[in-house]
Amino acid sequence: MIMRAIRDNALSIFFGAIFLLTLIGQSFAGLADTNEQNTLHGEPTVTWAQFVSSSDFMVDVSENWQSEFMQFFVFILATVWLVQRGSPESKKPGDEGVGTDQDQRVGEHSQPDSPAWARVRGWRLWLYSNSLLLVMGAVFALSWFAQSLAGLVVANEENAMHGEAPQTWVEYIAAPDFWNRTLQNWQSEFLAVGAMIAFSIYLRQRGSSESKPVGTPHHVSSEESD
Amino acid sequence: MSSPVSNESHDGVTHKLPPGRLVVFWAWMGIIVVGLTIMIVVPLSGA
């Protein structure tokens, strides 16, 4: 029973475990880096507990969170309207758009075991039809907001050390530091997604749901939609 | 392609997801909500 539950949810459990391990690893590496800098500048070192509850740690975590959720937000939205012939990440050319109610199995086209809000009409169907994009977008917006708050605290600590006046939040979100942190993460997300879309046309990984089956022709976009 | 909802818990009336998958869903949602809350509250407190 337990072994079956673990196997059924292995992908979620695996990513949850490596998320926590890498976050803990980041906290110790960040602590060592901060204390190295503090020692160089003749400032007192901080404990692990002080570091993980500081804006220094929060800005580093949040700037990566926002970019990952931004990536999925853009990817989910773009794949509604845009296609890449031959990519398993894409619908086939001609299928662009939100699809018919019959394709989407909603309302009178729903099945007995369809989700409850897929079987009704009105605002509940609209909300459920866009729920993945809305949640990813909300997490992106909130983590980007968190990055701006934590980045402001860190920037103002630096300003104070150099005898400069503190910035307001509005000044900070127009500042180079905020956009440097933001765009350095965004560019890498777009590079990786673009490469995945393009490489998966011609390259395969046998057994992965992220790949077409090895023998599928290059021009076939998605096994399920063809 | 089979339905994403397994028929192992199909009750014909309420069509609930198997409990294991709901636990996974809410565990991830919990991680994200707690993480976002901490990342917003800490800088607002000035730490």
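Residues numbered from 1 in each chain as written. Chains lettered and ligands numbered in written order. Predicted model: local features only at pLDDT ≥ 70, side-chain atom pairs only at ≥ 80, totals over all residues. Heavy atoms only, no water.

1. As for the overall build of chain A
So, point 1. Looking only at helices and strands, one finds nine helices and zero strands in chain A.
So, point 2. When the helices and strands of chain A are listed from N to C terminus, the series reads α-α-α-α-α-α-α-α-α.
So, point 3. For chain A, the C-alpha radius of gyration of 23 Å lies well beyond 17 Å, the compact-globule estimate for 226 residues.
So, point 4. Looking at chain A as a whole, 31% of its 226 residues qualify as buried.
So, point 5. In chain A, 52% of the contacts between residues at least 6 apart in sequence involve partners at least 24 apart.
So, point 6. When the accessible surface of chain A is totalled, it reaches about 14200 Å², and 65% of it is carbon and sulfur.
So, point 7. In chain A, 13 side chains carry a positive charge and 25 a negative one; their mean positions are 19 Å apart. (Helix = DSSP H or I, 4+ residues; strand = E, 2+ residues; numbered from the N terminus. Rg over C-alpha atoms; globule rule 2.2 N^0.38 Å. Buried < 20%, exposed > 50% of the residue type's maximum accessible area, 1.4 Å probe, protein only. Contact = heavy atoms within 4.5 Å. Areas by Shrake-Rupley, 256 points an atom, 1.4 Å probe, with all protein chains shown as cover. Lys, Arg positive; Asp, Glu negative; His and termini not counted. Charge placed at Lys NZ, Arg CZ, Asp CG, Glu CD.)

2. Section: the confidence of the model for chain B
Segments scoring low in pLDDT should not have their predicted coordinates read at a detailed level.
Residues and elements named next belong to chain B.
So, point 1. Scored by pLDDT, chain B has a mean of 74; 57% of the residues are at 70 or more.
So, point 2. Predicted confidence for residues 1-13 stays below pLDDT 50, and this span has 16 contacts to residues more than four positions away or in other chains.
So, point 3. Here the predicted complex carries an ipTM of 0.89, next to a pTM of 0.88. (pLDDT = per-residue confidence, 0-100.)

3. Digging into the nonpolar core
So, point 1. Counting residues in hydrophobic clusters, the biggest one holds 23 residues, and the most contacted among them are A:Phe57, A:Met58, A:Phe69, B:Leu36 and B:Met39.
So, point 2. Secondary structure elements with two or more residues in this core: helix H3 (48-52), helix H4 (55-81) and helix H7 (131-161) of chain A together with helix H1 (19-44) of chain B.
So, point 3. Among residues more than four places away in sequence, those in contact with B:Leu36 are A:Trp65, A:Val139, A:Leu142 and A:Ser143.
So, point 4. Core analysis: the next-biggest nonpolar cluster, separate from the first, contains five residues, A:Leu152, A:Tyr172, A:Ala175 and A:Phe178 among them. (Core = buried A, V, L, I, M, F, W, Y, C linked by side-chain atoms within 4.5 Å.)

4. Comments concerning helix H2 (residues 10-40) of chain A
Residues and elements named next belong to chain A.
So, point 1. With 31 residues, H2 extends 45 Å between its outermost C-alpha atoms, agreeing within 8% with the 45 Å of an ideal straight helix rising 1.5 Å per residue.
So, point 2. Taken together, the buried positions of H2 are occupied by Gly-16, Ser-27, Gly-30, Leu-31, Thr-34, Asn-35 and Asn-38.
So, point 3. Once H2 ends, the next one or two residues include Gly-42, with phi positive near 70 degrees. (Expected span 1.5 Å × (residues − 1).)

5. Topic: the packing of aromatic side chains
The relative placement of two aromatic rings is captured by the distance of their centres and the angle of their planes.
Residue and element names in this part refer to chain A.
So, point 1. Within this structure, the stated rule accounts for 15 aromatic pairs over all chains.
So, point 2. Seen from their ring centres, Trp-144 and Trp-186 are 5.2 Å apart, and the 50 degrees between their planes marks the pair as tilted. In this pair, Trp-144 sits in helix H7 while Trp-186 sits in helix H9 (residues 176-202), placing the two residues 42 residues apart along the sequence.
So, point 3. Since its relative accessible area comes to 22%, Trp-144 is described here as partly exposed.
So, point 4. Grouping aromatic residues by their ring pairs yields a cluster made of Phe-73, Phe-140, Trp-144, Tyr-172, Phe-178, Trp-179 and Trp-186. (Phe/Tyr/Trp six-rings, centres within 6.5 Å; stacked < 30°, edge-to-face > 60°.)

6. Concerning the environment of B:Thr37
So, point 1. Examined against the element boundaries, B:Thr37 turns out to sit in helix H1.
So, point 2. Taking the C-alpha atoms as reference points, B:Thr37 and B:Ala47, 10 residues apart in sequence, are found 14 Å from one another.

7. Description of the packing of H7(A) against H9(A)
All names here are of chain A.
So, point 1. H9 packs onto H7 with a crossing angle of 140 degrees between their chain directions and a minimal axis gap of 10 Å. The orientation of H7 with respect to H9, classified from their angle, is oblique. Like other packed secondary-structure pairs, H7 and H9 cross with a definite hand, here right-handed. In this structure, H7 contributes Phe-140, Trp-144, Gln-147, Ser-148 and Val-154 to the contact, and H9 contributes Phe-178, Trp-179, Arg-181, Thr-182 and Trp-186.
So, point 2. Classifying every residue of the contact of H7 with H9 gives six nonpolar, three polar and one charged. (Axes fitted to C-alpha atoms, helices over the stretch in contact; angles between N-to-C directions. Parallel < 35°, antiparallel > 145°, perpendicular 65-115°, else oblique. Left-handed = near helix turned anticlockwise from the far one by under 90°. Nonpolar A, V, L, I, M, F, W, Y, C, P; charged D, E, K, R; others polar.)

8. A closer look at a nonpolar patch on the surface
Residue and element names in this part refer to chain A.
So, point 1. Residues Trp-117, Trp-123, Trp-126, Leu-127, Tyr-128 and Leu-134 make up a contiguous nonpolar surface patch of about 660 Å² in total accessible area.
So, point 2. Among the elements that take part in the nonpolar patch, helix H6 (residues 123-129) stands out by supplying four residues, more than any other.
So, point 3. With respect to the helices and strands, the residue Leu-134 is situated in helix H7.
So, point 4. Exposure remark for Leu-134: the relative accessible area of 38% places this residue in the partly exposed category. (Patch = residues over 30% accessible without salt bridge, like charges linked within 9 Å, V, L, I, M, F, W, Y side chains within 5 Å. Salt bridge = Lys/Arg side-chain N within 4 Å of Asp/Glu carboxyl O.)

9. A word on the side chain of A:Asn159
So, point 1. Along the chain, A:Asn159 falls in helix H7.
So, point 2. Ignoring any residue separated from it by four or fewer positions in sequence, one finds A:Asn159 in contact with A:Glu164, A:Ala165, A:Pro166 and A:Gln167.

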